[in-house]
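Structure assessment
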Amino acid sequence: YQEYAGLIHEGGRNLSLIVDDVLDLARLEAGKYEIYRDLISLTDLAAEAVHFMRDEATRKGVALELANGGDVEAFADSKAVRQIALNLVSNGLKFTPAGGTVTVAAMDARGGALLAVSDTGVGISPEELTRLSRAFDQGDAGKRQKGAGLGLSVVRAFAELHGGRLDIESREGGGATIAVFFPAEKGAN
C-alpha cells in the first residue's frame, strides 16, 4: 500500500507539472505572463527541485545530485525559475536509465548566472535538437516516455522572458546538459 501511495503521489506531482506547463505556455503565448524580478538564490531553487524530485529518482534508480558550490544568485522571477528547475530535472530523470546520474548546478557566469541540469541519459541527436523546444514536439526517446512535450518550450519561453537563453549540449547516446542563462540585473529588460 505504501508503494501504491507513493506512485499516486508521484503521478499527482507529474500531472501538476504538466498542468502548470500548459497554463504557463498559454499565458506566455498570449503575452499575459508577467515576471517579477528580484534577487533570488538559484542554489536554493535548485535544491528545492532536487528535494521535490528525489522520490522519483530513487524509484527509477537514478542518482539525483546537487552540485556543491557557493550560493549563486540571479535577478529573476522565483516562480518561473522554480518551473524551469522542475522541468529540467524532470526531463533529466525521464531520459536517464537506472544506474545513471542527474546533476543540478547553479553557477555564476559572465554577465549573469546559469541553472544547469546534466544527465547521463540517452542524449539527443543533432536533428532533434532543433525541434525540442517547440510545444508538443518530442524527440524519438521522448515519444517513448510519458509527457506532453511542453517542458523545454516552457523553459525556453521563460528564459527569453528574462532576457536570457536556453542552451542544450548533447551527444546522441552520451547524455545532455541543458542550461538556462539569466542576465545580471543591469542587463535585464
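Preceding this section is the structure that the text describes.
All values derive from a computational prediction rather than experimental measurement. Every chain is numbered on its own, with residues counted from 1 as its sequence reads. With the structure being a predicted model, the display of local features is reserved for residues of pLDDT at least 70 and the display and counting of side-chain atom pairs for 80 or more, all residues being used for whole-chain, interface and lining totals. Just so you know, side-chain values use all the structure's heavy atoms and leave hydrogens and water out.

**Looking at the pattern of salt bridges**
What makes a salt bridge here is a side-chain nitrogen of Lys or Arg within 4 Å of a carboxyl oxygen of Asp or Glu, nothing more. Applying the stated criterion across every chain, the model contains 2 salt bridges. A salt bridge links E48 to R82; the shortest N-O distance between them is 2.9 Å. Of this pair, E48 sits in helix 2 (residues 42–60) while R82 sits in helix 3 (residues 78–94), and the two are 34 residues apart along the sequence. Note that D167 and R165 form a salt bridge whose closest N and O atoms lie 3.0 Å from each other. Given a relative accessible area of 29%, D167 falls into the partly exposed group. Helix and strand definitions here come from DSSP, where helices need a minimum of 4 consecutive H or I residues and strands a minimum of 2 consecutive E residues; each element is numbered from the N-terminal end. Classification of residues uses two cut-offs on accessible area relative to the type maximum, computed with a 1.4 Å probe and protein chains only: under 20% is buried, over 50% is exposed, and between them is partly exposed.

**Examining a nonpolar patch on the surface**
Patch membership needs two things, relative accessible area over 30% and no salt bridge, and members are linked within 9 Å if like-charged or within 5 Å if nonpolar (Val, Leu, Ile, Met, Phe, Trp, Tyr). The accessible surface values rely on the Shrake-Rupley method and a 1.4 Å probe; as for residues, cover is taken only from the protein chains in view. On the surface, Y1, Y4 and I8 cluster together into a nonpolar patch covering about 500 Å² of accessible area. Positionally, Y1 belongs in the segment before helix 1 (2–29).

**As for helix 6 (residues 151–161)**
Working note: α-helix, 3.6 residues per turn, so residues spaced by three or four point in the same direction. Counting buried residues in helix 6 gives 8 out of 11 residues, a clear majority hidden from the surface. Here helix 6 has its buried residues at G151, L152, S153, V154, V155, A157, F158 and A159.

**Here we look at the environment of V81**
Checked against the element boundaries, V81 lands in helix 3. With relative accessibility at 0%, the residue V81 sits in the buried group. Once the C-alpha coordinates of V81 and S41 are considered, the two residues, 40 residues apart in sequence, prove to be 9.9 Å apart. The contact criterion used is simple: two residues touch if any of their non-hydrogen atoms lie within 4.5 Å. Every residue in contact with V81, bar those within four places of it in the chain, is listed here: I40, L42, L45, A76, L115 and F182.

**Remarks on a negative patch on the surface**
A residue counts as positive if it is Lys or Arg and as negative if it is Asp or Glu; His and the chain ends are not included. Here the site of a charge means NZ on Lys, CZ on Arg, CG on Asp, or CD on Glu. Taken together, the side chains of D44, D71, E73 and D108 make up a negatively charged region of the molecular surface. Structurally, D44 can be placed in helix 2.

**Description of the packing of helix 2 against helix 3**
Only C-alpha atoms enter the line fits that serve as axes; for helices the fit covers just the stretch in contact. Angles between N-to-C directions range over 0 to 180 degrees. Interhelical geometry of helix 2 versus helix 3 gives an angle of 30° and a closest axis separation of 9 Å. By the criterion of interaxial angle, the relationship of helix 2 to helix 3 is roughly parallel. Regarding helix 2 and helix 3, the two cross each other, and that crossing is right-handed. Within the contact between the two elements, helix 2 uses L42, L45, E48, A49, F52, M53, E56, A57 and K60 and helix 3 uses S78, V81, R82, A85, L86, V89, S90, L93 and K94. Think of it as three bins: nonpolar holds Ala, Val, Leu, Ile, Met, Phe, Trp, Tyr, Cys and Pro, charged holds Asp, Glu, Lys and Arg, and polar takes everything else, Gly as well. Here the residues of the contact of helix 2 with helix 3 sort into 11 nonpolar, 2 polar and 5 charged. Here the angle decides the label: under 35 degrees means roughly parallel, over 145 means roughly antiparallel, 65 to 115 means roughly perpendicular, and every other value means oblique. Crossings are assigned a handedness: left-handed for a near helix turned anticlockwise from the far helix by less than a right angle, right-handed for a clockwise turn.

**Some remarks on the side chain of T96**
For T96, the position within the fold is in the loop between helix 3 and strand 4 (101–109). Here the side chain of T96 touches G92 through a polar contact of 2.6 Å, landing on its backbone oxygen. Leaving out residues up to four positions away in the same chain, T96 has contacts with K60, V62, T101, V102, D119, T120 and G121. Within 3.5 Å is the distance limit for a polar contact, defined as a pair of N or O atoms, with the added protein rule that one can donate a hydrogen and the other accept it, and that residues adjacent in sequence qualify only through two side-chain atoms.

**Here's the deal with the sheet that holds strand 6 (residues 165–170)**
Strands pair, by our definition, only if DSSP identifies at least two bridges between them. Strand order in the open sheet formed by 5 strands is 2-4-5-7-6, and the pairing between neighbours is mixed. Across the chains shown, the open sheet's two edge strands, defined by having one partner strand only, are strand 2 (63–66) and strand 6. Strand-to-strand twist in this sheet, taken as the mean axis angle between neighbours without regard to direction, amounts to 15°. Relative to strand 4, strand 2 is paired through 4 bridges, and the arrangement is parallel. Across the sheet, residue L66 finds its bridge partner in strand 4, namely V104. In the packing of helix 2 onto the sheet, the strands contacted are strand 2, strand 4, strand 5 (112–119) and strand 7 (176–183), and the crossing angle to strand 2 comes to about 165°. Seen against the sheet, helix 3 touches strand 2, strand 4, strand 5 and strand 7 and runs at an angle of roughly 25° to strand 5.

**Overview of the packing of helix 3 against helix 6**
Taken N-terminus to C-terminus, the directions of helix 3 and helix 6 make an angle of 145°; their axes are 9 Å apart at the nearest point. Two packed elements cross with a definite hand, and for helix 3 against helix 6 that hand is left-handed. Between helix 3 and helix 6, the contacting residues are A80, Q83, I84, N87, L88 and N91 on the first element and G151, L152, V154, V155, F158 and A159 on the second. Grouping the constituent residues of the contact of helix 3 with helix 6 by class yields 8 nonpolar, 4 polar and no charged.

The analysis is restricted to geometry; functional conclusions fall outside its scope.
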